[in-house]
Amino acid sequence: MYEVKHRKYWDKSAKIYDGIIHDELNSFKKEAWESILQARIAEDRPLQILDFGTGPGFFTIVLSQMGHHVTALDFSKDMIAAAKRNCDSAGVKPQFIHVTGDTSFNPENTFDIIISRNVTWTLHQPEKVYSDWHKWLKKGGKVIIFDANWNISLANKIHGKIYQRDIKKAIQLGFPQYDEAELFSEGDEIAKHLPLTYAMRPEWDRAVLFQLGFHNIRIDQDFDDLIYTEAEKIAYQSIPSFSIVGTK
Ligand SMILES: C[S@@+](CC[C@H](N)C(=O)[O-])C[C@H]1O[C@@H](n2cnc3c(N)ncnc32)[C@H](O)[C@@H]1O
């Protein structure tokens, strides 16, 4: 039940995310992400890459322009529609997969890389998804996860106060404010039912990936200065981004 509600929530959020992605594509952030991605992929040959939870297609565009063969997957039809439009404008032609409850997508030993940004915090069954990714990767393939403890304020009241204080300061520096209070409170309500809202990450991920058989697991938390504006650096200073790379 929550999953259907959740999918509709992402349909409703597609417009806001599309705006965010346009800003990223037209700013210093695009080049910053290219070098962050290249450092983790660490190969020059064209690879088969699955962008899981592509949203409006930011990673799909950047990775396609880097020469990779990208499959862009999402369960929100409006996110996939936005990704298609953005890929057309960028002149790239990835494969698109819109997964629904009825879709069977189980491509074993297929991808060199499975990547996701800001998706794993939203998963209802994160262990199941990580286990699928392990199956879908070729031997020697890599999982690359980018995320942050976005909802820690819901789990920890003291943290919530720190976060609100930082957001107020960031607004004075131009941090964007959205007139979408209803959508955001719906997002908080969904997040209260998500397991990773209450997990210590990225430590949680390291343990689960290790148990699934991933090796060479590497965690980095030092790239916010590259991807954030001055206002975002203040807003998110208590919830640093992390990346996790693991090899099958
Ligand atoms: C916060 S957005 C991030 C979008 C994109 N990765 C980015 O960084 O711009 C999360 C995306 O994950 C998708 N998503 C969440 N759970 C999913 C699932 N189980 N299967 C496929 N897509 C999912 C949502 O529809 C949404 O597009």
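Residue indices begin from 1 for each chain and proceed along its sequence in written order. In keeping with the predicted nature of the model, local features appear solely for residues at pLDDT of at least 70, side-chain atom pairs appear and are counted solely at 80 or more, and the whole-chain, interface and lining totals rest on all residues.

A. Region of the structure containing the site of the ligand. Here, nearness means that the C-beta atom of a residue, built from backbone geometry, sits within 6 Å of the molecule or strand in question. Around the ligand there are 18 residues in total, and Trp10, Gly53, Gly55, Ser76 and Arg117 lie nearest to it. Where the shell around the ligand is concerned, the elements lending two or more residues are α1 (2-25) and β2 (69-74). Numbering of helices and strands starts at the N terminus; helices are DSSP runs of H or I of at least 4 residues and strands are runs of E of at least 2. For the shell around the ligand, the leading source of residues is α1, giving three residues. Note on residue categories: nonpolar means Ala, Val, Leu, Ile, Met, Phe, Trp, Tyr, Cys or Pro, charged means Asp, Glu, Lys or Arg, and polar means any other residue, Gly included. Counted by class, the shell around the ligand contains ten nonpolar, six polar and two charged residues.

B. Representation of unusual backbone geometry. Cis geometry marks the peptide bond from arginine 201 to proline 202; its omega dihedral reads 10 degrees. Within the secondary structure layout, proline 202 lies in the loop between α8 (181-191) and α9 (203-212). Within the chain, asparagine 109 stands out as a residue other than glycine whose phi angle is a positive 50 degrees. If you trace the backbone, asparagine 109 turns up in the loop between β3 (95-98) and β4 (111-117). Comment: burial labels come from other C-beta atoms within 10 Å of the residue's own C-beta, placed from the backbone, where a count of 20 or more is buried, 12 or fewer is exposed, and between is partly exposed. For asparagine 109, a count of 11 C-beta atoms within 10 Å puts it in the exposed group. A positive phi angle is found at asparagine 216, which is not glycine, with a value near 50 degrees. The topology assignment puts asparagine 216 in strand β6 (residues 215-220).

C. Geometry of the pairing of β2. Of all six residues in β2, five are buried; the element is thus mostly enclosed. A pair of strands counts as paired when DSSP detects no fewer than two bridges linking them. Sheet analysis places strand β1 (residues 48-52) next to β2, joined by five bridges and oriented parallel. Bridging across to β2, glutamine 48 finds its partner in histidine 69. Seen with its strands pointing away from the viewer, a crossover is right-handed if its path from the first strand over the helix to the second goes clockwise. As for the winding sense of the linkage, the β-α-β connection from β1 through helix α3 (residues 58-65) to β2 is right-handed.

D. Spotlight on the packing of helix α5 (residues 126-136) against α9. Their axes nearest at 10 Å, the elements α5 and α9 cross at an angle of 45 degrees. The orientation of α5 relative to α9 falls into the category oblique. Between α5 and α9 the crossing geometry is right-handed. Where α5 approaches α9, its residues Glu127, Tyr130, Ser131 and His134 are matched on the opposing element by Val208, Leu209 and Leu212. Looking at the contact of α5 with α9 residue by residue, the class counts come to four nonpolar, two polar and one charged. The angle between two axes is taken between their N-to-C directions and runs from 0 to 180 degrees, where each axis is a line fitted to C-alpha atoms and a helix contributes only its stretch in contact. Relative orientations are named as follows: roughly parallel for angles under 35 degrees, roughly antiparallel for angles over 145 degrees, roughly perpendicular for angles from 65 to 115 degrees, and oblique for any other angle. Here a crossing is taken to be left-handed if its near helix is turned anticlockwise relative to the far helix by less than a right angle, and right-handed if that turn runs clockwise. Residue pairs are scored as contacts if the distance between their C-beta atoms, which are placed from the backbone, is within 7 Å.

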